[in-house]
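Spelled out from the first residue to the last, the chains are:
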Amino acid sequence: MREEISIWFFGGVLFLIYGVIICLEGLWELSHPLVNPPVLNNLHAPIWWGAMMGVAGLGYTVKFWPKKSRG
Amino acid sequence: MQLQPSVALSTYLATPAHSLAHLNAVDIAVIAIYFGMVIFIGFYLKGSANTSEEFFMAGREMTAWIAGLSFVSANLGSLELMGWAGSAYQYGILATHWYWIGAIPAMLFLGIIMMPFYYISKVNSVPGYLHLRYGDGARALSAVSFAFMTVLMSGINMYSMALVMKVVLGWNLNFSIWVSSITVALYVGLGGLRSAIYNEVLQFLLIWLGALLVPVLGLIDAGGWTNLKAQIGARLGSEYVHMWSTTGHFSQNPMGIHWTGLVFGLALVISCGYWTTDFLVVQRVLSANNLRSARMAPIIGAAFKMAVPFIVILPGLLALAVLPYHLVGESQAVATGQHSYNEVLPLMLVRYCGPGLLGLGVTALIAGFMSGMAGNVSAFSTVWTYDIYGAFLNKKATDQHYVAMGRWCTFIGVLISVGTAYLVQHAASIMDYVQGLFSFFIAPLFGTVILGMLWKRTTKAGGFWGLLAGTCTAIGLFLWVHLDPSALRYVALSADAKTLAEDMYRALWSWLVCVIVTVTVSYATKPKPLSELEGLVYGVVPLPVEHDDHWYQKPIVWAGIIAVLFVILNIIFW
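In this report, the structure presented in the accompanying data block is examined.

1. Examining the overall build of chain A
Stage number 1. Helix and strand content of chain A: 2 helices and 0 strands.
Stage number 2. The globule rule puts the C-alpha radius of gyration for 71 residues at 11 Å, and the 16 Å found for chain A is more than 25% above it.
Stage number 3. Along the first, second and third principal axes, the C-alpha set of chain A runs to 60 × 20 × 15 Å.
Stage number 4. Out of the 71 residues in chain A, the part that is buried amounts to 34%.
Stage number 5. Across chain A, the fraction of contacts at a sequence separation of at least 24, relative to all contacts at a separation of at least 6, is 84%.

So this is what it looks like as structure tokens:
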């Protein structure tokens, strides 16, 4: 196989980026409440869902970080 | 973080006056990152798709997990996600049958019984197996019908997604169709099956992450599962929350089905036909790196498939209890401006998801569409190149030529799909017939393949005439009911039967005709010598022995665990 990058690395990076963006959006909403909040907005889903995604993404990014090609 | 979207992009994406939700810059960033990632994967894997084995079969290097997730993901198209969520709203928990009894036994059967024959014969496609077992006639019939139906389904999936995006988000129909299809063409055309599979795994993860919040928050909103059942029962009746107890008679459940149709028509014929002979899904398993992976892939896929109702069926049920308005059928929605059943999943996303999460949910829907379309076009290009072009039109081309043909076919397949999407836009009734059309070919094909694999006496003439007779029976029964609706009492065994029940019984009868004709013609014709059936038929040559270090590595053990879970779930939701 030519490729060194695992599919799980791609998944990890994507989840990490999404987790950070969504978590930050949730934190921003604490000080800037939405004009038309969704139902159950009081649960602050973006914060915990984003954080969980970020942690899972970070784990996969580190675990499947591309290794240097041999030879 | 509440940024304003750029003016240019918002011109294309949103017309808020007519849409239910409005995406902000964070949502658009989430969607854009996804598109960037899938295209990057396509370019990255371009160098790994130089030979036909690499381009069409991903070099047969996929692990069981990757092949298994891709196997399920290729099936999770937009019709599958949004359509079945809508069906759950329309028919209640009965829709789960299409995920459990309509999938799990067939997937386990593929992994345990059928996969060894596909894998050790080293065929590149299901029509390729028919060629080895029955010759060119059965191969041509199967390849042409598959290629035709695949691009048709792809276009209908595309139109369904674009329509929902238009209604819910106000997106321009042309924008949705062209951006998503060009992206799929690019990454499949560049990286072949490997790129399609890599992206399908990514898309599968995204579908779960983007859609999982809806049932989680929805259950909190509805006060838990018990309260949800009570609310639906009080509003519509208890038949909406029971899977089997109301299937004793066609008129006792909202779907108008009977348990015999579910068990024999859906589980035995339609589901086995789809999951074991539809090349769209079988191609993913054939890319596995060894026989054990090829057997484990459908079993892993079955485990995930069993969980999909949580993100598809449950949102539809939740909508019955929590949405403050009523959804209607597609034609009524168009006439009255109300929302249709098919929009239930995006509507629930909009209900619970604010900026960022809404972008993630929309990305999940787009990912579902793209995984389904990539599955369709990659299977189309393989069947066209191997089983039509390479088998009948140009048998002696170089390997490089076939790879180039595969790349071109990917783009052409996408273009035909786009054309189909526009055709459906102007003739929506086509959508009503396509699901039925698909079963015309799948049910008899299963009869032909299973007899070919399990019975060495089956002959070339038996296979061809059985397949043809079964297909003609399915078409004939469809036309009979279409022209004379009272014929339903004969085809579906009851005048109370509804469309889905008719599909099940039509599939069952066409499969039976295929089997009877195949057996009869086979007995009347000369069988192939056993030496020509090696590796193709059960009992002719012993299957290779797999050496697992531990008992828990055996595919049969995992298949058993999934089967037990499947039975338990059906009892719980009886």
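Right, picking up where we left off after that structure.
2. Structural notes on helix H12 (residues 259-277) of chain B
Stage number 1. Of all the bends in H12(B), the largest measures some 40° and sits at Leu266(B).
Stage number 2. Among the 19 residues of H12(B), 15 are classified as buried, and the element is accordingly described as predominantly covered.

3. So, the interface of chain B and chain A
Stage number 1. On the side of chain A, 27 residues touch chain B, which itself brings 31 residues to the contact.
Stage number 2. Among the elements of the structure, helix H2 (25-44), helix H9 (173-211), helix H10 (213-222), helix H17 (344-352) and helix H18 (357-393) of chain B are those that each provide at least two residues to the side of chain B that touches chain A.
Stage number 3. For the side of chain B that touches chain A, the element with the highest residue contribution is H2(B), accounting for 7 residues.
Stage number 4. Counted by class, the side of chain B that touches chain A contains 23 nonpolar, 5 polar and 3 charged residues.

4. Here we look at the environment of Trp8(A)
Residues and elements named next belong to chain A.
Stage number 1. The residue Trp8 is located in helix H1 (residues 7-31) in this model.
Stage number 2. For Trp8, a count of 17 C-beta atoms within 10 Å gives the class partly exposed.
Stage number 3. The sequence separation of Trp8 and Tyr60 amounts to 52 residues, and the corresponding C-alpha distance is 6.5 Å.

5. A short note on the packing of helix H8 (residues 136-169) of chain B against H9(B)
Residues and elements named next belong to chain B.
Stage number 1. One way to put it is that H8 packs onto H9 with a least axis distance of 9 Å and a crossing angle of 135°. As summarised for this structure, H8 and H9 are arranged oblique, according to the angle between their axes. Viewed along their axes, H8 and H9 form a crossing whose handedness is right-handed. Across from Met158, Met161, Ala162, Met165 and Lys166 in H8, the residues of H9 making contact are Leu173, Ser176, Ile177 and Ser181.
Stage number 2. Class assignment of the residues belonging to the contact of H8 with H9 gives a composition of 6 nonpolar, 2 polar and 1 charged.

Thresholds applied
- Residues numbered from 1 in each chain as written.
- Chains lettered and ligands numbered in written order.
- Predicted model: local features only at pLDDT ≥ 70, side-chain atom pairs only at ≥ 80, totals over all residues.
- Helix = DSSP H or I, 4+ residues; strand = E, 2+ residues; numbered from the N terminus.
- Rg over C-alpha atoms; globule rule 2.2 N^0.38 Å.
- Buried ≥ 20, exposed ≤ 12 C-beta atoms within 10 Å, placed from the backbone.
- Contact = placed C-beta atoms within 7 Å.
- Bend = angle between axes of the 7 residues up to and from the residue.
- Nonpolar A, V, L, I, M, F, W, Y, C, P; charged D, E, K, R; others polar.
- Axes fitted to C-alpha atoms, helices over the stretch in contact; angles between N-to-C directions.
- Parallel < 35°, antiparallel > 145°, perpendicular 65-115°, else oblique.
- Left-handed = near helix turned anticlockwise from the far one by under 90°.

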